[in-house]
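Listed below are the residues making up each chain.
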Amino acid sequence: MSEAAANQASESYLSSGWRIRDWLLTTDHKRVAWLYTISITAFFFLGGLAALVIRLELMTPDGDVVSADAYNQLFTIHGVVMVWFFLIPSIPNTLGNFLLPLMVGAKDLAFPKLNLISWYIYTVGGLFTIAAVITSGVDTGWTFYTPYSTQFADRAVVAALTGVFVVGFSSIATGINFIVTTHKMRAPGLTWFRLPLFVWANYATSLVMVLATPVLSATLILLILERMMGIGIFDPALGGDPILFQHLFWFYSHPAVYIMILPGMGVVSELITCFSRKTVFGYHGMALSILAISVFGFLVWGHHMFVSGQSLYAGLMFSLFSFFVALPSAIKTFNWTATLYKGKLIFSAVMIYALSFVGLFTIGGFTGIFLASLAVDVHVHDTYFVVAHFHYIMVGSMVTAYIGGLHFWWPKMTGRMYPELWAKVAALALFIGFNLTFFPQYLMGYAGMPRRYQTYPEDFQILHVMSSLGAGVLAIGYLLPLVYLLWSLRWGKRAPPNPWRAAGLEWRTDSPPPKHNFLEPQTVTGPPYDYDTIDNK
Amino acid sequence: MNDEVAPYLPEVEKGLHLIPTQATEHAGQVDHLYFALVGASAIILLMVVGLIAFFGFRYRAGNKTANRSNLPSTRTENRVEIAVLAAMLTVFMGFFAWATTLYLDGYRGPEPAMTIDVVGKQWMWKIQHPDGTREINALHVPVDEVIQLRVTSQDVIHSFFVPAFRIKRDVVPGTEKTAWFRATEPGEYRLFCAEYCGSFHSRMLGKVVVMDRGDYQAWLTRQGSGRTLATAGKQLFEAHGCSGCHMGKSSVRAPSLDGIYGRSVALQSGEVILADEAYIRDSILQPDKHVAAGYEPIMPSFAGQLTEEEILRIVAYIKSLQPGDWVKASVNGNEGESQ
Ligand code: HEM
Ligand SMILES: [Cu+2]
Ligand SMILES: [Cu+2]
């Protein structure tokens, strides 16, 4: 190699190519990851804004901030944006996109162009949906239940559904890309049971995406057909069955909740091992639980319909499987805790995020057991108890894992360090704000407060006020990182290749990595998380 | 409809009630299960948090004296995992069996003493008792009787939710579902719509009034004499000239009143209001208060001209009218006749 060529090869992926088209037409997985990061951050704050108005409205029992219809549109925007345009793509498309090739020692994903296309599909579909929802006030909630969505919500439901349908293709594209990359592009010596758990988690997520998303797409098409052409599929007035819609919807959307949490589990496994300076407890058990969750995740959709009038015996089976799906999650929680045993624990900001995840996930998972318990679910279904349950998992756990992961790999992605003290403050604000916001919702749920209510009886007010105040603290926990991470891009200390002395191939290359990730081909000779060797070197 | 919480909910004691009133035996049983779940998860959560805190302190990087040798072998790890799995499975299956038994009880009730029809509709609950008595957003039932509800919907999916009974049943258009309960405490309990159903979902409220058997009978006769009251009301309706305007016998345009009870009425002011008893009463005594959209406010007030008794009768008559009654009557050439 000539010297010039060698220099060029070792240049970081960020150092040249700053024309607009170098970004918008890039096929470098690391740059596409940034495109995704920017899009999902914008969507996250949009969804968050809707949530703040909702919480403001709920400070008082009467409807005094927005109109009843505006309230319903707000929670629709919030749900649609957060689920489809933030949570589902969050970790896989940002951290996953950036890290998966690095972690398996590859130059890029298997299909770099498909990766870029998936971003376009996602962003265009997302903006289109938001435009439809905002301009014409779709108010069906993120669940689009029939017959309300097909017969009564006479607003741009078709446009919104089309947007969600289109975005589904980006999930499928990402899924295929990750599956092929994991199968075909691993470095020599990187056997399946030497893969970092982050790769396992993204791999399992991709399988679920590829298998479940088409069902959602088919359902949305049926809904559009019914709405536009009056073909009776779900509407009883036309001879259809409204419960069929719920079956199809949850057949996708329950696995989708695992699309949202599995990558977070992967992230947390990386963080905890690094800051405990030891290998994960029960590596095989961890990998197998990830697979078990994704398989059982397909068998529990009916637990969203225990009072809908589905057959009693179907209800029993769905309840039983829901208990089963919690078992691998319990094992994982136990193993993260046990990983601390005999470690050398460093309580960095990243570790605080990771441990917050474990605590919040335990609460969220255990209340899942409450909901799987049939007689209790009859009482708390469609109350704030359910709202609290899924926010503990999707926000308390998943978003926390995402932000923790962003901090952990920030030096790798940007070549800069962030201010540790501020990061600790933000991590604590997030933990406290989160619990203050959502714990009261469990209490009001059991007390009988239904969800999606703009107005409510006075006695719930005190809990609602606590929750709204907590949301303020939580907002600080999310805004702080936005500020200091951006700040660090310019003023942060330069990061060495491996600031945390972490295991994993991604840390063997420069921060930020060169265009083609590694200067030399990588080989792997041992298990992951070999912190003993690293620390005793 | 305005932005205040609709007036249909019963008053409850002020203050926070983390556990809603237990007004059925089933409610108490569900609470026991709930407490057991809370207990079990609190223990496990404390174990997880306790271990994190303990390990966190003991094995902090600064603590050089901690014994970190002899990490468990893979074999030990597997054994521990299997033990944890088995323990959790046992606990879970216990809860599964307990919760399922209760759930099946909740569906397969004993022989009901009576069956009451409940129809959900944007945004109200319409109730019909076995003897034909109708009410809106309120369900009167006797205490200590097995009551079966037959629920359905006229438009979208709603959900019939009475926290004090720990029951909830989706109300699905095109199908009829049943639910049952036996209330053990007289009183008034909240009724919510729990499934999102559009604009005024959070105003789709009501109450369940549980009464002593004697009171319930008295209530029924008061309502049920509905029928005789209505006949008397019909005569008054004609005698006081209501029919002149409302049944289109004169040149004045006035809204038709058959089926108005329980309908949502659009007002001149742009509001939409539910035509319940109070509304009909107001329309007679203070017609200017709510003027129906598309009509001139020409109806005279009858305050002072009708006694309280007479008003009750006229209201009963209007309540008894089903949609289309008047049209049918005039087709039969038998004006004003209703059953
Ligand atoms: C640990 C095992 C879990 C169990 C046993 C479980 C159980 C349940 C049950 C039974 C419901 C239905 C409640 C109802 O509507 O009445 C539910 C709702 C929900 N769960 Fe879970 N869950 C678990 C984990 C998760 C995870 C990991 C996520 C997400 C990452 C999640 C997200 C949700 C969501 C989004 C809903 C409600 C959606 C809606 O109605 O809008 N759950 N869960
Ligand atoms: Cu689910
Ligand atoms: Cu409703």
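Residues numbered from 1 in each chain as written. Chains lettered and ligands numbered in written order. Predicted model: local features only at pLDDT ≥ 70, side-chain atom pairs only at ≥ 80, totals over all residues. Heavy atoms only, no water.

Under the annotation held in an unreviewed UniProt entry, chain B carries the name cytochrome-c oxidase and is attributed to Modicisalibacter luteus. The annotation that UniProt attaches to chain B under Sequence similarities (unreviewed entry) is "Belongs to the cytochrome c oxidase subunit 2 family." Database annotation for chain B, UniProt heading Function (unreviewed entry): "Subunits I and II form the functional core of the enzyme complex. Electrons originating in cytochrome c are transferred via heme a and Cu(A) to the binuclear center formed by heme a3 and Cu(B)." (UniProt positions renumbered as here; feature names shortened; annotations may be inferred.)

Looking at an unreviewed UniProt entry, chain A carries the name Cbb3-type cytochrome c oxidase subunit I, with the source organism given as Modicisalibacter luteus. The UniProt entry for chain A carries the following text under Subcellular location (unreviewed entry): "Membrane".

S.K.: Lay out the overall build of chain A in plain terms, naming residues and giving numbers.
M.R.: Scanning chain A for helices and strands turns up 18 helices and zero strands. For a compact globule of 537 residues, the expected C-alpha radius of gyration is about 24 Å, and chain A comes in at 23 Å, within 12% of that figure. With the C-alpha coordinates of chain A rotated into their principal frame, the extents come out at 75 × 50 × 45 Å. Sequence-distant contacts, at least 24 apart, represent 83% of the contacts inside chain A between residues at least 6 apart. Accessible area for chain A stands at about 17500 Å²; split by element, carbon and sulfur atoms hold 71% of it. A gap of 15 Å separates the mean positions of the 29 positive and 26 negative side-chain charges of chain A. (Helix = DSSP H or I, 4+ residues; strand = E, 2+ residues; numbered from the N terminus. Rg over C-alpha atoms; globule rule 2.2 N^0.38 Å. Contact = heavy atoms within 4.5 Å. Areas by Shrake-Rupley, 256 points an atom, 1.4 Å probe, with all protein chains shown as cover. Lys, Arg positive; Asp, Glu negative; His and termini not counted. Charge placed at Lys NZ, Arg CZ, Asp CG, Glu CD.)

S.K.: Describe in detail the overall build of chain B, supporting the description with residues and values.
M.R.: Looking only at helices and strands, chain B features eight helices and 12 strands. Since a compact globule built from 339 residues should have a radius of gyration of about 20 Å, the 29 Å found for chain B marks it as more spread out than a globular shape. Projecting the C-alpha coordinates of chain B onto the three principal axes gives extents of approximately 100 × 45 × 35 Å. The proportion of buried residues among the 339 residues of chain B is 47%. On chain B, roughly 16200 Å² of surface is accessible, and the fraction owed to carbon and sulfur atoms is 57%. Side chains of chain B give 32 positive and 37 negative charges; the mean places of these two sets differ by 10 Å. (Buried < 20%, exposed > 50% of the residue type's maximum accessible area, 1.4 Å probe, protein only.)

S.K.: Let's hear about the coordination of the copper ion (ligand 3): which residues, and what values?
M.R.: Residue and element names in this part refer to chain B. Note on the copper ion (ligand 3): its protein donors are His158 (ND1), Cys193 (SG), Cys197 (SG) and Met204 (SD). The metal-donor distances range over 2.1 to 2.5 Å. Between consecutive donor residues of the copper ion (ligand 3), the sequence gaps follow H-x34-C-x3-C-x6-M. You can see Cys193 sitting in strand S9 (residues 187-193) and its partner Met204 sitting in the loop between S9 and strand S10 (205-211), a full 11 residues away along the chain. Exposure remark for Cys193: the relative accessible area of 0% places this residue in the buried category. (Donors = N, O, S within 2.8 Å, 3.2 Å for Na, K, Ca; no water.)

S.K.: Break down the interface of chain A and chain B for me, citing the residues and quoting the values.
M.R.: Taken together, the contact pairs 87 residues of chain A with 83 residues of chain B. The tally of links from chain A across to chain B stands at one salt bridge. Asp459 of chain A serves as the salt-bridge partner of Arg190 of chain B, at 2.7 Å between the closest nitrogen and oxygen. Between chain A and chain B we count 24 residue pairs in polar contact (both at pLDDT 80 or more) in total. Looking at which element gives the most residues to the side of chain A that touches chain B, the answer is helix H12 (residues 312-339) of chain A, with 14 residues. (Salt bridge = Lys/Arg side-chain N within 4 Å of Asp/Glu carboxyl O. Polar contact = N/O pair within 3.5 Å; in protein donor to acceptor, adjacent residues only side chain to side chain.)

S.K.: Give me the confidence of the model for chain B: which residues, what numbers.
M.R.: Low-pLDDT stretches of the model should not have their predicted coordinates read in fine detail. Residue and element names in this part refer to chain B. A residue-level look at chain B finds 92% of positions with pLDDT of 70 or above and a mean pLDDT of 86. Highest mean pLDDT in chain B belongs to strand S6 (residues 158-162) (96); lowest belongs to helix H8 (residues 325-331) (68). Below a pLDDT of 50 lies the segment residues 333-339, which in the model reaches 16 contacts outside its immediate sequence neighbourhood of four places, other chains included. On the interface metric, ipTM, the complex scores 0.92, and its pTM is 0.86. (pLDDT = per-residue confidence, 0-100.)

S.K.: I'd like a description of the sheet that holds strand S8 (residues 177-181) of chain B, backed by residues and values.
M.R.: Residues and elements named next belong to chain B. The strand order S3-S2-S1-S5-S8 describes an open sheet built from five strands, whose pairing is mixed. A strand with exactly one partner marks an edge of an open sheet, and here the two such strands are strand S3 (134-136) and S8. Neighbour-to-neighbour, the strand axes of this sheet turn through a mean angle of 25°, independent of strand direction. Here strand S1 (residues 114-121) pairs with strand S5 (residues 147-153) via seven bridges, running parallel. Considered in S5, the bridge of Asp117 is made with Arg150. (Pairing = 2+ DSSP bridges. Axes fitted to C-alpha atoms, helices over the stretch in contact; angles between N-to-C directions.)

S.K.: Residue-level account of the side chain of Thr333 of chain A, with values.
M.R.: Residues and elements named next belong to chain A. Considering the arrangement of structural elements, one finds Thr333 in helix H12. The exposure class of Thr333 is buried, given its relative accessible area of 7%. Apart from the residues within four sequence positions on either side, Thr333 is in contact with Val358, Phe361 and Thr362.

S.K.: Account for the coordination of the copper ion (ligand 2), naming residues and giving values.
M.R.: All names here are of chain A. For the copper ion (ligand 2), the full set of protein donor atoms is His254 (ND1), His303 (NE2) and His304 (NE2), and the range of their distances to it is 1.8 to 2.1 Å. Of note, the donors binding the copper ion (ligand 2) are all from one chain and are spaced H-x48-H-H. Between the copper ion (ligand 2) and the iron atom of ligand 1, the interatomic distance is 4.4 Å. Of this pair, His254 sits in helix H10 (residues 242-276) while His303 sits in the loop between helix H11 (283-296) and H12, and the two are 49 residues apart along the sequence. His303 gets classed as buried once you look at its relative accessible area, which sits at 18%.

S.K.: Give me the site of ligand 1: which residues, what numbers.
M.R.: The environment of ligand 1 is made up of 21 residues, and the closest members are Val257, Asp377, His381, His389 and Arg451 of chain A. For the shell around ligand 1, the residue count by class is 12 nonpolar, seven polar and two charged. (Near = heavy atom within 4 Å. Nonpolar A, V, L, I, M, F, W, Y, C, P; charged D, E, K, R; others polar.)

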